[in-house]
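Read off the chains here:
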Amino acid sequence: MGHFFSYIVEPGLLSSGPVRTALLVGTVVAVTSGVVGVLTVIRGQSFAGHSLADVATTGGAGAFLAGLNQFWGFLIAGVAGAAIMELIGVQRRRGRDVATGVVLGAALGGAALFLYLGTQTSSTTGASFTILFGSMFVISPDTVPALIASGVVALAVIAVLSRVLLLTSLSPELAAARGVPVRAVGIAYLVALAVAVSLSAVVIGAVLSTALLIGPAATSLRVAKRPSRAMLAAALIGTAATWLGILLAYDSYYWPPAGHGWPVSFFVVALVVVGYLLSYVRRPRRDRRARVAGQAQEEAPTQEAGACSPA
Amino acid sequence: MFSGLMLNTWIAATIVAVIAGVMGFFAVLRGQSFAAHAIPNGAFAGAAGAGLLGLNVIWGLAVFAVAGALGIGALGRRARQDVATALMLVLMLGIGALFVSFSTEYAEVTYSLLFGEVFGVGSNVLLPIVALGAVSVAVIALMYRPLLLASALPEIADARGVSTRRMELSFLIVMALATSMTVPVVGALLMFALMIGPAAAARSFTKRPGQAIALSVGIALATVWIGIAVSYHTNWPLGFFVGVIAAGFFLLGQGWGAVRRHWWVPRQASAVGAVAV
C-alpha cells in the first residue's frame, strides 16, 4: 500500500505518511459530511451548512494569526457561528435565511481583516486561496485524533437523535404535539452540523466542504428510499468522490498544461455534481416512503416563499 | 480624504451601495440570500478564467454570473432552491480553483477579487459601473410591481397571471449582472455583506416596501461611507468594517423590532390585521 500511495503524489515531496493521513482524514470527512448532509438537505439548511464552513475558516485564520492550533479555531468559530445564527432567529423559518446571511457577512468581514493582518505580519499571500480551497495535505498528524474524535461526536449526535430529528424536520407541528423539544433538537443538530463542517473546512476548505455536505446527500435522497439508506449512500458517494478526486489529481500531472497538477477540489466538485445530475436520469419512486421524503424535499420552498409577508 | 483617486472611491462605493440596497431588499424579501452570496462569489471563477484567456475580467464575470443564475433557476425547478444554489456555487468555485491553479499570480488575484480594491478605482472603471448601476436600478423600477407581488404573495401573483417563474429568473439575472460587475471594485464577499445586512435592518424599521427600499439604500450608504472613512484612517480593510457595520445595523433593527413588539402591542395588532386584510 505504501508503494501505491507514493505513486499517487509526487514521491519525495510527500512521503506516504501525509498522503495516508490525507486519505484517512478525507474518508472521515466524507462519511461525516454525507450523514449530516442528508439531514441538512431534508431540513433545507444548505445555506447554513455553507456559511458555517466560511465562519469556521475565519476562526481558523484568526487562530493562525494568534499562533494557536488552527483546528480549535475552526471548531470554536463554527460552533459559535451556529449559536449566533440560532440566537438571532434560525428557529423562525422566515428569519433563518437572513440570520445566516448576516452572520456570514460579518464573518467574511473578519476573514478580510485576518487575511490583511496575516499579510502584514508574515508573507502568507496564499492564505486567501487556501481559505477558500483548503489543502488536504497540510494536516499535521497530531491533529488527526482530534479530527476523528470530532467526526465521531457529530455522528453520535446524529445517531442518537436521528429519529427525533427526522420527525422535527418533516413535521415540526407533529413533533411539538408529541412533546419533542423542537428547538433543543434543532440546536443539537446545528452544533453537529457546525462540528462536521468545521472538520471538513479545516481539512478540505470551504468549497469542498459544501460540495461534500450537499452533493452526495442530495444525490442519495433522490435514489434512496429511506433516510438511513440515504445516509449510507451519501457517505459512500462522498468517499468515492474524494478518493477518485485524489487519484485524478495525481493523473493530471501529465495533462496540459504540462508539469502542473490540476487541483483536487476541482475533481471532487466535478464528480459530485456529475453524480447529482446523473440521479435525474432515473428516479425510482415506487415506494411510498420515498415519495414522502421527496415531498418533504420539495415542500419547503413554498413555505419559505410564504415567509415574505411583512414581519 | 476626498482628493484624486479617493473621489473615485467615494463615487464607486456610493453607486455600489445603491445597487446593493435595492437588490438586497428583494433578495431578503424573496429569501434568496444564498443566491445573493453564491452568484457574485461563483462569478469570481469567471474573472479568473477571463484573466487566463487575456480577456477583460468583466466578460468572464458576466458570463459566469448569468450562467450561475440560469443554473440555479433550472436546477431549482426540480429540486430545492438551496440545494441547487449550493451545487451551482461549488461547481463554479471548483472551476475557479482550476483556472486559478493555471494562473501564475493566483494569490494576489484571488485576494483582490474576493475582497476588492476599492482604494484604487480608476476613472475607466467608474463609467461602466455608473452605467450598469443606472440600468439595473431602472430594470428593477420597470418590473417593480409584478416583482413585488411575485416576491411577497406568489400564489396571488400566479392567479393574477404574473409568471412567478419568469419573475424569479429575471430577478436572478438582473441581480447576477448588477452584483457581479461590482466584484472588481468591492469584491465578491463585501458585496454580499452590503446586500443582506442593510436590507434586513430596513425591514424591521418599516413595513412599506417603498420606504424599506429607500431605508435599505440609506443604511447601505451609511455603512459604506463610515467604512471608507474608518478604513482610510486605520488602513484596515474596508471589508471588515462593512461586515461589522452591516451586522451592527441588523442588530439595531432586531432590537428595535423587539422593543416595538413588547411595548407597542396595539400597533402591532393593527399591523397584523392589515396584513391579514
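Residues numbered from 1 in each chain as written. Chains lettered and ligands numbered in written order. Predicted model: local features only at pLDDT ≥ 70, side-chain atom pairs only at ≥ 80, totals over all residues.

## Some points on the overall build of chain B
And then number 1: Scanning chain B for helices and strands turns up 14 helices and zero strands.
And then number 2: Secondary structure of chain B in N-to-C order comes out as α-α-α-α-α-α-α-α-α-α-α-α-α-α.
And then number 3: By residue count, 55% of the 277 residues in chain B fall in the buried class.
And then number 4: Taking the intrachain contacts of chain B between residues at least 6 apart in sequence as the baseline, contacts between residues at least 24 apart amount to 75%. (Helix = DSSP H or I, 4+ residues; strand = E, 2+ residues; numbered from the N terminus. Buried ≥ 20, exposed ≤ 12 C-beta atoms within 10 Å, placed from the backbone. Contact = placed C-beta atoms within 7 Å.)

## So, the overall build of chain A
And then number 1: If you tally the helices and strands in chain A, you get 12 helices and zero strands.
And then number 2: Overall, chain A shows an N-to-C arrangement of helices and strands of α-α-α-α-α-α-α-α-α-α-α-α.

## Considering the environment of B:Gly49
Residues and elements named next belong to chain B.
And then number 1: Counting through the fold element by element, Gly-49 comes out in helix H2 (residues 33–53).
And then number 2: When the C-alpha atoms of Gly-49 and Leu-252 are compared, they prove to be 40 Å apart, with 203 residues separating the residues in sequence.
And then number 3: If sequence neighbours within four positions are ignored, Gly-49 has contacts with Gly-60 and Phe-99.

## With respect to the confidence of the model for chain A
All names here are of chain A.
And then number 1: For chain A, the average pLDDT comes to 76, and 73% of its residues sit at 70 or higher.
And then number 2: Considering each helix and strand of chain A separately, the mean pLDDT is smallest for helix H12 (residues 288–305), with a value of 46, and largest for helix H11 (residues 264–278), with 89.
And then number 3: When the criterion is pLDDT under 50, residues 1–6 qualifies, and its contacts beyond four places in sequence or with other chains add up to six contacts.
And then number 4: Here residues 8–14 is a poorly scored stretch, pLDDT under 50, and it has 10 contacts once near neighbours within four places are set aside; other chains count. (pLDDT = per-residue confidence, 0-100.)

## Overview of helix H3 (residues 46–66) of chain A
Residue and element names in this part refer to chain A.
And then number 1: Under the 1.5 Å per step criterion, the end-to-end length of H3 is 30 Å for 21 residues, consistent within 8% with the ideal 30 Å.
And then number 2: Of all 21 residues that make up H3, 19 are buried, and the element is covered over most of its length.
And then number 3: Backbone geometry just downstream of H3 places Gly-67 in the positive-phi region, at approximately 80 degrees. (Expected span 1.5 Å × (residues − 1).)

## Here we look at unusual backbone geometry
And then number 1: Positive phi, normally seen in glycine, also occurs at B:Asn235, with a value near 75 degrees.
And then number 2: Here B:Asn235 is to be found in the loop between helix H12 (209–234) and helix H13 (238–263).

## Structural notes on the environment of B:Pro237
Residues and elements named next belong to chain B.
And then number 1: Topologically, Pro-237 is positioned in the loop between H12 and H13.
And then number 2: By the C-beta count within 10 Å, which is 26 here, Pro-237 ends up buried.
And then number 3: In this structure, the C-alpha to C-alpha distance between Pro-237 and Phe-119, residues 118 residues apart in sequence, is 9.8 Å.

## Structural notes on helix H7 (residues 144–170) of chain A
And then number 1: A bend of about 70 degrees at A:Ser162 is the largest found in H7(A).
And then number 2: Taken together, the buried positions of H7(A) are A:Leu147, A:Ser150, A:Gly151, A:Ala154, A:Leu155, A:Ile158, A:Leu165, A:Leu166, A:Thr168 and A:Ser169. (Bend = angle between axes of the 7 residues up to and from the residue.)

## As for the environment of A:Thr168
All names here are of chain A.
And then number 1: Of note, Thr-168 is situated in helix H7.
And then number 2: Given 24 C-beta atoms within 10 Å, Thr-168 falls into the buried group.
And then number 3: For the pair Thr-168 and Arg-43, spaced 125 residues apart in sequence, the C-alpha to C-alpha distance is 8.9 Å.
And then number 4: In this structure Thr-168 touches Ala-175, Val-180, Val-182, Val-185 and Gly-186, once residues within four positions along its chain are discounted.

## Examining the packing of H11(A) against helix H4 (residues 81–102) of chain B
And then number 1: Two elements in contact, H11(A) and H4(B), have axes separated by 8 Å at closest approach and are oriented at 145 degrees. The crossing of H11(A) and H4(B) is left-handed. In this structure, H11(A) contributes A:Ser265, A:Phe266, A:Val269, A:Ala270, A:Val273 and A:Tyr276 to the contact, and H4(B) contributes B:Leu87, B:Val90, B:Leu91, B:Gly94, B:Ile95, B:Ala97 and B:Leu98.
And then number 2: Of the residues that constitute the contact of H11(A) with H4(B), the class distribution is 11 nonpolar, two polar and no charged. (Axes fitted to C-alpha atoms, helices over the stretch in contact; angles between N-to-C directions. Left-handed = near helix turned anticlockwise from the far one by under 90°. Nonpolar A, V, L, I, M, F, W, Y, C, P; charged D, E, K, R; others polar.)

## Overview of the nonpolar core
And then number 1: Counting residues in each nonpolar core, the largest one holds 187 residues, and the members touching the most others are A:Leu193, A:Val269, B:Leu87 and B:Leu194.
And then number 2: Here this core takes 23 residues from helix H9 (residues 182–223) of chain A, the largest share from any one element.
And then number 3: If sequence neighbours within four positions are ignored, A:Val269 has contacts with A:Val207, A:Leu208, A:Ala211, B:Val90, B:Leu91 and B:Gly94. (Core = buried A, V, L, I, M, F, W, Y, C linked by C-beta atoms within 7 Å.)

## Quick notes on the confidence of the model for chain B
Residue and element names in this part refer to chain B.
And then number 1: In the predicted model, chain B carries a mean pLDDT of 83, and the fraction of residues at 70 or more is 88%.
And then number 2: The element-level mean pLDDT for chain B is lowest in helix H14 (residues 265–276), coming to 50, with H12 highest at 91.
And then number 3: Across residues 272–277 the pLDDT falls below 50, and counting only partners more than four positions away or on other chains, this stretch makes two contacts in the model.
And then number 4: Predicted complex, confidence summary: ipTM 0.84, pTM 0.83.

## Regarding the packing of H7(A) against H9(A)
Residue and element names in this part refer to chain A.
And then number 1: In the contact formed by H7 and H9, the axes pass within 9 Å of each other and the chain directions differ by 145 degrees. H9 is crossed by H7, and the crossing has left-handed handedness. Between H7 and H9, the contacting residues are Leu-147, Ser-150, Gly-151, Val-153, Ala-154, Val-157, Ile-158, Leu-161, Val-164, Leu-165 and Thr-168 on the first element and Val-182, Val-185, Gly-186, Ala-188, Tyr-189, Ala-192, Val-195, Ala-196, Leu-199 and Val-203 on the second.

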